[in-house]
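Residue strings, one per chain:
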Amino acid sequence: MSKVLIVGDSNALGEWGTIIPGPGVANNNDPEVFRPWNKEKYLEGDFPKPFQVVWPGFGYHLDKAGHCTVNYAFGGAGNFEAIFKVEEALGLAPCFTSPVFYNPDLIIWMLTEPCRDLKRSLWPDEAGLFDLEKYYKQSEPFVAGAKTIKEINDSLLKVALDGAQKIYEETHIPWLVIEGWGKLPEDISQYSFIKYAHRNWMDKIIGRPVPLISSWGTAENVRRRRPDLTESAADSLRMFKRQRPDLDIPDIPEGPDSEFKKIVEDYEAVIDIMNKSEKFPDNCHADRHIQKELAEELEVYV
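Here's a quick rundown of the structure. Quick caveat: nothing in here was measured; it's all calculated off a predicted structure.

Each value, and the rule that gives it
Residues numbered from 1 in each chain as written. Predicted model: local features only at pLDDT ≥ 70, side-chain atom pairs only at ≥ 80, totals over all residues. Heavy atoms only, no water. Pairing = 2+ DSSP bridges. Helix = DSSP H or I, 4+ residues; strand = E, 2+ residues; numbered from the N terminus. Axes fitted to C-alpha atoms, helices over the stretch in contact; angles between N-to-C directions. Contact = heavy atoms within 4.5 Å. Core = buried A, V, L, I, M, F, W, Y, C linked by side-chain atoms within 4.5 Å. Buried < 20%, exposed > 50% of the residue type's maximum accessible area, 1.4 Å probe, protein only. Polar contact = N/O pair within 3.5 Å; in protein donor to acceptor, adjacent residues only side chain to side chain. Parallel < 35°, antiparallel > 145°, perpendicular 65-115°, else oblique. Nonpolar A, V, L, I, M, F, W, Y, C, P; charged D, E, K, R; others polar. Salt bridge = Lys/Arg side-chain N within 4 Å of Asp/Glu carboxyl O. Phe/Tyr/Trp six-rings, centres within 6.5 Å; stacked < 30°, edge-to-face > 60°.

Points about the sheet that holds strand β6 (residues 175-179)
Thinking step 1. Reading across the sheet, the five strands line up as β4-β1-β5-β6-β7 and stay open at both edges, with parallel pairing between neighbours. In this open sheet, the two strands that pair with only one neighbour each are β4 (68-71) and β7 (194-198). Across the sheet, the mean angle separating the axes of adjacent strands is 20 degrees when strand polarity is ignored.
Thinking step 2. Two strands pair when backbone bridges link them, and strand β1 (residues 3-8) and β4 are joined in this way by four bridges, in the parallel orientation. Across the sheet, the residue bridging to V4 is T69, located in β4.
Thinking step 3. Against the sheet, helix α2 (residues 79-90) engages β1, β5 (106-111) and β6, with an angle of about 165 degrees to β5.
Thinking step 4. Contacts from helix α9 (residues 288-299) reach β5, β6 and β7 within the one sheet, and its direction differs from that of β7 by about 140 degrees.

In structure tokens, the structure reads:
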């Protein structure tokens, strides 16, 4: 039996669905909801919460196999937030947002798109989360000085990996890293914290390499932080037209290909794959069967 701390984004949580009055999931093949709860309440108020985890993920199956998991992943989490959650759990930072879990045998990190960290965390500065804020501050000169979006991606990833390495040097707790919407460098020999790298997990599910950007929110963050690397006003309108077809924005002729345009086209291709695949019931997250298969693939290293 191993004690396992799980961190990362929504892919580390399980199969996702949508809330409707009464039990409801997006998965027509497996409509059962895990431990149903009062969904109607989550539709009330000015900001209803329309998404939910309808079936737990690989951590649940590791529990069933006899291990003990604690899952501090959350939807929309960036890599910096994942690293910070580990610091809180291990007592390396004040536990303001999560309980402590001092001595796991293994840390599993679901890696996500590095450019997600262009947006600051969900917690305001007043929360005093210095140990989270330090990663954003470390990244600022790299983001400002990068000449390409790929450079931004790689520099943000390096800040996160270096942070995990420092945690390992302090605690000697090994890590298992899953390539979700984020990819590790090919050469990870400098990162001794990685006990095992579960390569190409999301690549294999979608049948192609993951795009550099895997959410419209991150695309917008790149555009806001480094507009000089993204697009002209015409390109901005074209992207907005894709996001909001209901606004009937007129067609604008395409300009020459740019790095940002190619990245957005890659993401749109992945959206199309997920929309057409039964592996993604909510058109965004892998289903419960893939999560179970992931647990089986990981258990030999747990």
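That was the structure; now back to the text.
As for the nonpolar core
Taken as a class, soluble globular proteins show a tendency for nonpolar side chains to be buried jointly.
Thinking step 1. Within the largest apolar cluster, 50 residues are counted, with the highest numbers of intra-cluster contacts made by L5, W109, W175 and F193.
Thinking step 2. The element that contributes the greatest number of residues to this core is helix α4 (residues 149-171), accounting for ten residues.
Thinking step 3. Grouped together as the second largest cluster of nonpolar side chains are 29 residues, A12, L106, F280 and V302 included.

So, the environment of T112
Thinking step 1. Examined against the element boundaries, T112 turns out to sit in the loop between β5 and α3 (130-145).
Thinking step 2. Here the alpha-carbon distance between T112 and I178, two residues 66 residues apart in the chain, equals 9.0 Å.
Thinking step 3. Residue contacts for T112: discarding those within four places in its chain leaves D9, A77, G78, N79, W181 and G182.
Thinking step 4. A polar side-chain atom of T112 sits 3.3 Å from a polar atom in the side chain of R116.

Describing the packing of helix α6 (residues 216-225) against helix α8 (residues 259-276)
Thinking step 1. Where α6 contacts α8, the axes come no closer than 11 Å and their chain directions differ by 175 degrees. In terms of their interaxial angle, α6 and α8 are classed as roughly antiparallel. Where α6 abuts α8, its residues W216, A219 and V222 lie against F260, V264, Y267, E268 and I271.
Thinking step 2. Partitioned by chemical class, the residues of the contact of α6 with α8 number seven nonpolar, no polar and one charged.

Topic: the pattern of salt bridges
Side chains that differ in sign of charge can pair as their charged atoms come close.
Thinking step 1. Per the stated rule, a full pass over the model turns up 16 salt bridges.
Thinking step 2. Between K183 and D203 there is a salt bridge whose closest N-O contact spans 2.7 Å. One end of the pair, K183, is in the loop between β6 and β7; the other, D203, is in helix α5 (residues 201-206), and 20 residues separate them in sequence.
Thinking step 3. Here D272 makes a salt bridge to K276, at a shortest N to O gap of 3.1 Å. A residue pair is termed a helical-turn pair when its members lie 3 or 4 positions apart in one helix, as D272 and K276 do in helix α8 at four residues.

Some thoughts on the packing of aromatic side chains
Within a pair of aromatic rings, the relevant descriptors are the distance that separates the centres and the angle that separates the planes.
Thinking step 1. All chains considered together, the criterion is met by nine aromatic pairs.
Thinking step 2. Considering the side-chain rings of F80 and Y136, the 5.3 Å spacing of their centres and the 75 degrees angle between planes classify their relative orientation as edge-to-face. Separated by 56 residues along the polypeptide, F80 in helix α2 and Y136 in helix α3 bring together distant segments of the chain. In terms of burial, F80 and Y136 fall into one category: buried.

Thoughts on the pairing of β7
Thinking step 1. Taking burial as the measure, the five residues of β7 include four buried ones, the bulk of the element.
Thinking step 2. Bridge count for β6 against β7 is four bridges, and the pairing is parallel. Counted as the bridge partner of L176 is Y196 from β7.

Here's the deal with the side chain of H67
Thinking step 1. With respect to the helices, strands and loops of the structure, H67 is situated in the loop between α1 (58-64) and β4.
Thinking step 2. Using a relative accessible area of 13% as the deciding quantity, one classes H67 as buried.
Thinking step 3. Engagement of the side chain of H67 in a polar contact is seen with the side chain of E299, the distance being 3.4 Å.
Thinking step 4. The residues contacting H67, other than those within four sequence positions of it, are M1, S2, L62, E299 and V302.

Re the side chain of R226
Thinking step 1. Inspection of the secondary structure puts R226 in the loop between α6 and α7 (233-243).
Thinking step 2. Under the relative-accessibility criterion, R226 is labelled buried at 10%.
Thinking step 3. Separated by 2.7 Å, the side chain of R226 and the backbone oxygen of V143 make a polar contact.
Thinking step 4. At a separation of 2.9 Å, a polar atom in the side chain of R226 contacts the main-chain carbonyl oxygen of A146.
Thinking step 5. Not counting the four nearest positions on each side in its chain, R226 is found in contact with V143, A144, G145, A146 and I152.

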